[in-house]
Amino acid sequence: MDTELDVVIPRPGKILCVGLNYRSHILEMGRPLPEFPTLFAKFADTLIGPRDAIELPAESEEVDWEAELVVVIGATVRRADEEEATAAIAGFTVMNDVSVRDWQFRTREWLQGKNFERSTPLGPVVATPDELPGGVRPAVPISATVAGEKMQGADTSDLLFDPVDLVRYVSSMITLRPGDVIATGTPGGVGHARKPPRYLQDGEVVTMEVGGIGRLDNKAVRT
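Conventions used here
- All residue numbers refer to positions counted from 1 along the written sequence of the respective chain.
- In keeping with the predicted nature of the model, local features appear solely for residues at pLDDT of at least 70, side-chain atom pairs appear and are counted solely at 80 or more, and the whole-chain, interface and lining totals rest on all residues.
- Side-chain numbers here rest on the full set of heavy atoms in the structure, without hydrogens or water.
- Whether two strands pair depends on DSSP finding at least two bridges between them.
- The numbering of helices and of strands both runs from the N terminus, where a helix is a DSSP run of H or I of at least 4 residues and a strand a run of E of at least 2.
- Where helices are involved, their axes are fitted lines through C-alpha atoms of the stretch in contact, as for all axes, and angles between N-to-C directions lie from 0 to 180°.
- Geometry of aromatic contacts follows a simple scheme: Phe, Tyr and Trp rings, the Trp one being its six-membered ring, pair when their centres are within 6.5 Å, and the pair is stacked under 30 degrees between planes, edge-to-face over 60, tilted otherwise.
- Relative accessibility thresholds used throughout: buried, under 20% of the residue-type maximum; exposed, over 50%; partly exposed, between the two (1.4 Å probe, protein chains only).
- Any two residues whose heavy atoms approach within 4.5 Å are treated as being in contact.
- In the sections that follow, a salt bridge refers to a side-chain nitrogen of Lys or Arg positioned within 4 Å of a carboxyl oxygen of Asp or Glu.

1. Quick word on the pairing of strand β14 (residues 214-222)
Okay, so step 1: As paired elements, strand β4 (residues 54-56) and β14 share 3 bridges and run parallel to each other. Across the sheet, the residue bridging to Leu 56 is Arg 222, located in β14.
Okay, so step 2: As judged from the 6 bridges shared by strand β13 (residues 205-210) and β14, these two strands associate in the antiparallel manner. Across the sheet, residue Val 205 finds its bridge partner in β14, namely Lys 219.
Okay, so step 3: Between β13 and β14, which pair antiparallel one after the other, the connecting turn spans 3 residues, and Gly 212 there sits at a positive phi close to 85 degrees.

Right under this line is the structure:
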């Protein structure tokens, strides 16, 4: 029997995302290294499963990919110290933080370019810290392939703010609860930073993979 995989966490209470958190991506975007994490949010309506189609909206021709390691929260925590932040991490999964670049950069706020409906694959499983080298600070490779061409390839040692740092920082402003997720950012190799820019096309298959966790395989489909 064939099995259809759904979103690994169907309705997270919070989907918090970190921009500009891999040194390679910060440099390719021409930005200085930030002093604090750059945060934005996604809504649950953006999420799709690890094999579902990414909807390319009619409103844009500049849809981009971003391979990301995602922290899954397993305990309620507020103003966490190092020990509490460590204990609050239930595990990790994979996201493609699909970004509609022309909408993202219409203003200084990124929200509108990050929240097109049915655009963001999440899954396929949650790996617990004991299953990964480095535990709550995983030392794992991360990659993105588009239409058979490798676009991103790095490892999590390039992160500026690691998962424990992010849980501590985010929980300073708001309570994190079980099922909340934090996408930790993407490495260099996104389409928008290429010369010329390279965006997703109708029918292309996008593969995101994080070592020890799994992969997302999604076809881009024009709506």
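2. Details of the sheet that holds strand β11 (residues 149-155)
Where strands meet in a sheet, backbone hydrogen bonds hold them as pairs that are either parallel or antiparallel.
Okay, so step 1: Sheet architecture is open: 5 strands sit in the order β4-β14-β13-β10-β11, paired in mixed fashion. The open sheet is flanked by β4 and β11, the only strands paired with a single partner. Taking each pair of neighbouring strands and ignoring which way they run, the sheet shows an average axis angle of 15 degrees.

3. Some remarks on the packing of aromatic side chains
Okay, so step 1: In the structure shown here, the tally under the stated rule is 3 aromatic pairs.
Okay, so step 2: Centroid distance Phe 36 to Tyr 169: 6.3 Å. Interplanar angle 25 degrees. Geometry classified as stacked. Taken together, the positions of Phe 36 in the loop between α1 (23-28) and β2 (38-42) and Tyr 169 in helix α5 (residues 163-173) put the pair 133 residues apart, joining distant regions of the chain.
Okay, so step 3: Overall, the relative accessible area of 48% leaves Phe 36 in the partly exposed class.

4. Remarks on the environment of Ile 26
Okay, so step 1: Relative to the assigned elements, Ile 26 resides in helix α1.
Okay, so step 2: Of the residues examined, Ile 26 reaches a relative accessible area of 0% and is grouped as buried.
Okay, so step 3: As a C-alpha pair, Ile 26 and Gly 188 span 162 residues in sequence and 7.6 Å in three-dimensional space.
Okay, so step 4: Setting aside its immediate chain neighbours within four residues, Ile 26 contacts Leu 20, Asn 21, Arg 31, Pro 32, Leu 33, Pro 34 and Leu 160.

5. Some words on the pattern of salt bridges
When charged atoms on two side chains of opposite charge get close, those side chains can pair.
Okay, so step 1: Taken as a whole and assessed by the stated rule, the structure comprises 14 salt bridges.
Okay, so step 2: Residues Lys 114 and Glu 66 are paired through a salt bridge, measuring 3.3 Å at the closest nitrogen-oxygen approach. Of this pair, Lys 114 sits in helix α4 (residues 111-114) while Glu 66 sits in the loop between β5 (63-64) and β6 (67-73); the two residues are 48 residues apart in sequence, bridging distant segments of the chain. With respect to burial, Lys 114 and Glu 66 carry one shared label: buried.
Okay, so step 3: Several salt bridges converge on common partners, so that one network encompasses Lys 42, Asp 64, Glu 66, Asp 97, Arg 101 and Lys 114.

6. Quick word on unusual backbone geometry
Okay, so step 1: In this chain, Gly 123 is followed by Pro 124 through a cis amide linkage whose omega measures -5 degrees.
Okay, so step 2: Here Pro 124 lies in strand β9 (residues 120-127).
Okay, so step 3: Cis geometry marks the peptide bond from Lys 195 to Pro 196, where omega comes out at 0 degrees.
Okay, so step 4: Backbone geometry at Arg 79 places phi at a positive 50 degrees, although glycine is not the residue there.
Okay, so step 5: Mapped onto the secondary structure, Arg 79 falls in the loop between β6 and α2 (82-88).
Okay, so step 6: The exposed category is assigned to Arg 79, whose relative accessible area is 57%.
Okay, so step 7: Phi at Ala 147 takes a positive value of approximately 50 degrees, unusual for a residue other than glycine.

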